[in-house]
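# A structural walkthrough
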Amino acid sequence: MQSVGDKQRSLLMLMVMQLCTGFSMGIISPILGLFVRSQGLSMTQIGLVGTASMLGWFIWEPIMGVVADRFNKRLMLAGALFFSTVLYALYPFVKTFTAFALLEFTKTSVLSAYSIPVKALAAELLPSKDRGRAYGRYMTVISVGGLISPLIGGYVSEVAGFNLPFYLAAGIGLLAIIAVFQIQYEEPAYNPESKTSDGVRSLLTAPILAIFSVRGLYFFNAGFSGSFLSIFLNESPHLLASESQVGAFFTMMRLAGAVSRSVLGDFSDRFGKRLMISLSLAGMGFSYMGLILFSGVFPMYVMGLLMGLFQAAADTSMMLHLISVMPKERSGLTMGLYSESENVGGVISTPTMGYLYQNFGGNHSLWLLSIVLLLNAGYSYVVISDTKDA
């Protein structure tokens, strides 16, 4: 059995790895949509590229959830990190809609072998006592990797073009592989008599299905934030943010999330996860409305801070609730299906947002997104019940 000290060291190496990957992904986040747009793709095509990206997660994350319960998680992480860095380096050479769609699908398919083991390892390594506080501290540390990287990505793309940020992301991502092999983690023995169908049935309980459904509706925002938010900030007449200002917006979002996560974990322990989930969803809905109603860069930054705060609150409270109700021996499968609920929301929202944006403008997309989030806030308060951590 793994000692407490070994678990702490493993958790530390997991955080170091996520610091590197967070920095790498953060460099790309503010400029990916702008880069694709610069190649002449329409909003509908960008929406379909985003759909291809979500399909990669949709197809492979449940499979990776099963594999993560049976295979060495460190090798999965190392392989995913290596191939994802290769894919980042290919972006500057892509020019057409078909190539972008194929590259995005391949990237998220590969990253499925990263996202599931990371979530599963975190769920298994976090202490059960004061879990909200521990998870908040954990998320605060790993969020540091993405704090200044969007600002760097936006600035570098403005002064040196869109290609260099992708090469930077590829190089930094390779550093994470070193941390992966420093994780001293005792992999559970695989029971050949254990059936995946039995594991799925063990997850079909009311508390788990409730958080899956709330998470799926929450991820309706992924279709807009992942593919269109940077374009909206850059092209909307009442905002007209430069690439550097878009990067600053994403940095402020991440800063607000990083600073608040430790407090949010304590809040979840004290006042319950249901209230925090509902309030965070409502806050995100109103924050998106603010991007429509207010003009100028300063109000845009304020909305970015609020969006980062409420997004961190939603992610923290939902994950803590899932950990409290899931069967611990099925952490990989649970995280795979949890991610699948996210993917369902993303697959539906991305082409919908692209169609609305192309034919009616960005404001219509944001109004729909805000309404979905506000309705989900009420729905979550009805279907989720607070439970005591094991």
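Right, let's walk through the structure included here. Given the structure is predicted, the values throughout are model-derived calculations rather than measurements. (Residues numbered from 1 in each chain as written. Predicted model: local features only at pLDDT ≥ 70, side-chain atom pairs only at ≥ 80, totals over all residues. Heavy atoms only, no water.)

### Quick word on the overall build of the protein chain
When you go through the protein chain residue by residue, the secondary structure sums to 17 helices and zero strands. Looking at the protein chain residue by residue over its 390 residues, the buried ones come to 57%. For the protein chain, restricting intrachain contacts to residue pairs at least 6 apart in sequence, the fraction spanning at least 24 positions comes to 88%. (Helix = DSSP H or I, 4+ residues; strand = E, 2+ residues; numbered from the N terminus. Buried < 20%, exposed > 50% of the residue type's maximum accessible area, 1.4 Å probe, protein only. Contact = heavy atoms within 4.5 Å.)

### Here's the deal with the pattern of salt bridges
A side chain of one charge can pair with a side chain of the opposite charge if their charged atoms are brought near each other. Overall, the coordinates contain four salt bridges when judged by the stated rule. In this structure, glutamate 235 engages arginine 37 in a salt bridge whose closest nitrogen and oxygen atoms are separated by 3.2 Å. Of this pair, glutamate 235 sits in helix H12 (residues 229-235) while arginine 37 sits in helix H2 (residues 32-38), and the two are 198 residues apart along the sequence. Between aspartate 315 and arginine 215 there is a salt bridge; the shortest N-O distance is 3.0 Å. With aspartate 315 in helix H15 (residues 297-325) and arginine 215 in helix H10 (residues 206-218), this pair connects stretches of sequence that are 100 residues apart. Across the pair, arginine 215 and aspartate 315 agree in class, each one buried. (Salt bridge = Lys/Arg side-chain N within 4 Å of Asp/Glu carboxyl O.)

### So, a nonpolar patch on the surface
A grouping of Phe82, Phe83, Val86, Leu90, Phe93, Leu164, Tyr167, Leu168 and Leu174 is seen on the molecular surface, where their side chains present a nonpolar patch of about 830 Å² in accessible area. Secondary structure elements with two or more residues in the nonpolar patch: helix H4 (73-90) and helix H8 (163-180). (Patch = residues over 30% accessible without salt bridge, like charges linked within 9 Å, V, L, I, M, F, W, Y side chains within 5 Å. Areas by Shrake-Rupley, 256 points an atom, 1.4 Å probe, with all protein chains shown as cover.)

### Quick notes on the nonpolar core
Met17, Tyr138, Phe224, Leu233, Phe249 and Leu291 are the most contacted members of the largest nonpolar core, which has 107 residues in total. A per-element tally of this core places helix H5 (residues 97-125) first, with twelve residues. Leaving out residues up to four positions away in the same chain, leucine 291 has contacts with Leu229, Phe232, Leu233, His238, Leu239, Phe249, Met300, Met303, Met307 and Leu366. (Core = buried A, V, L, I, M, F, W, Y, C linked by side-chain atoms within 4.5 Å.)

### Let's talk about unusual backbone geometry
Most peptide bonds take the trans form, and the phi angle of most residues other than glycine is negative. With phi around 50°, leucine 240 is a residue other than glycine that occupies positive phi space. Among the structural elements, leucine 240 can be located in the loop between H12 and helix H13 (243-271). Relative accessible area serves as the criterion here: at 54%, leucine 240 is assigned to the exposed category.

### As for the packing of H10 against helix H17 (residues 362-383)
Put simply, H10 and H17 touch, their axes get as near as 9 Å, and they point 170° apart. As summarised for this structure, H10 and H17 are arranged roughly antiparallel, according to the angle between their axes. Of the residues in H17, those touching H10 at Ala210, Ser213, Val214, Leu217 and Tyr218 are Val372, Leu373, Asn376, Tyr379, Ser380 and Val383. Partitioning the contact of H10 with H17 into residue classes produces eight nonpolar, three polar and no charged. (Axes fitted to C-alpha atoms, helices over the stretch in contact; angles between N-to-C directions. Parallel < 35°, antiparallel > 145°, perpendicular 65-115°, else oblique. Nonpolar A, V, L, I, M, F, W, Y, C, P; charged D, E, K, R; others polar.)

### Concerning the side chain of serine 84
Within the secondary structure layout, serine 84 lies in helix H4. Residue contacts for serine 84: discarding those within four places in its chain leaves Val110 and Leu111.

### Concerning the packing of aromatic side chains
Overall, the coordinates contain 16 aromatic pairs when judged by the stated rule. Among the aromatic residues, those joined into a ring-pair cluster are Phe35, Tyr88, Tyr91, Phe100, Phe162 and Phe166. It is arginine 274 that lies over the ring of tyrosine 381; its NZ or CZ is 4.1 Å from the centre. (Phe/Tyr/Trp six-rings, centres within 6.5 Å; stacked < 30°, edge-to-face > 60°. Lys NZ or Arg CZ within 6 Å of the ring centre and 35° of its normal.)

### Some words on helix H3 (residues 43-68)
When the terminal C-alpha atoms of H3 are compared, their 36 Å separation across 26 residues agrees well with the 38 Å that a helix rising 1.5 Å per residue should span. Of all the bends in H3, the largest measures some 35° and sits at tryptophan 60, one to four residues before the proline proline 62. (Expected span 1.5 Å × (residues − 1). Bend = angle between axes of the 7 residues up to and from the residue.)

### What to know about the environment of alanine 170
Position of alanine 170 among the secondary structure elements: in helix H8. Distance in space between the C-alpha atoms of alanine 170 and serine 24 is 7.1 Å, their sequence separation being 146 residues. Among residues more than four places away in sequence, those in contact with alanine 170 are Ser24, Thr85, Tyr88 and Ala89.

### What about the packing of helix H14 (residues 273-293) against H15?
Packed helices, taken two at a time, are described by the angle between their axes plus the distance between the axes. The geometry of H14 relative to H15 is characterised by a closest axis approach of 8 Å and an angle of 155° between their N-to-C directions. What the angle tells us is that H14 and H15 run roughly antiparallel. As H14 packs across H15, the resulting crossing turns out to be left-handed. For the contact of H14 with H15, a count of residues per class yields 16 nonpolar, nine polar and one charged. (Left-handed = near helix turned anticlockwise from the far one by under 90°.)

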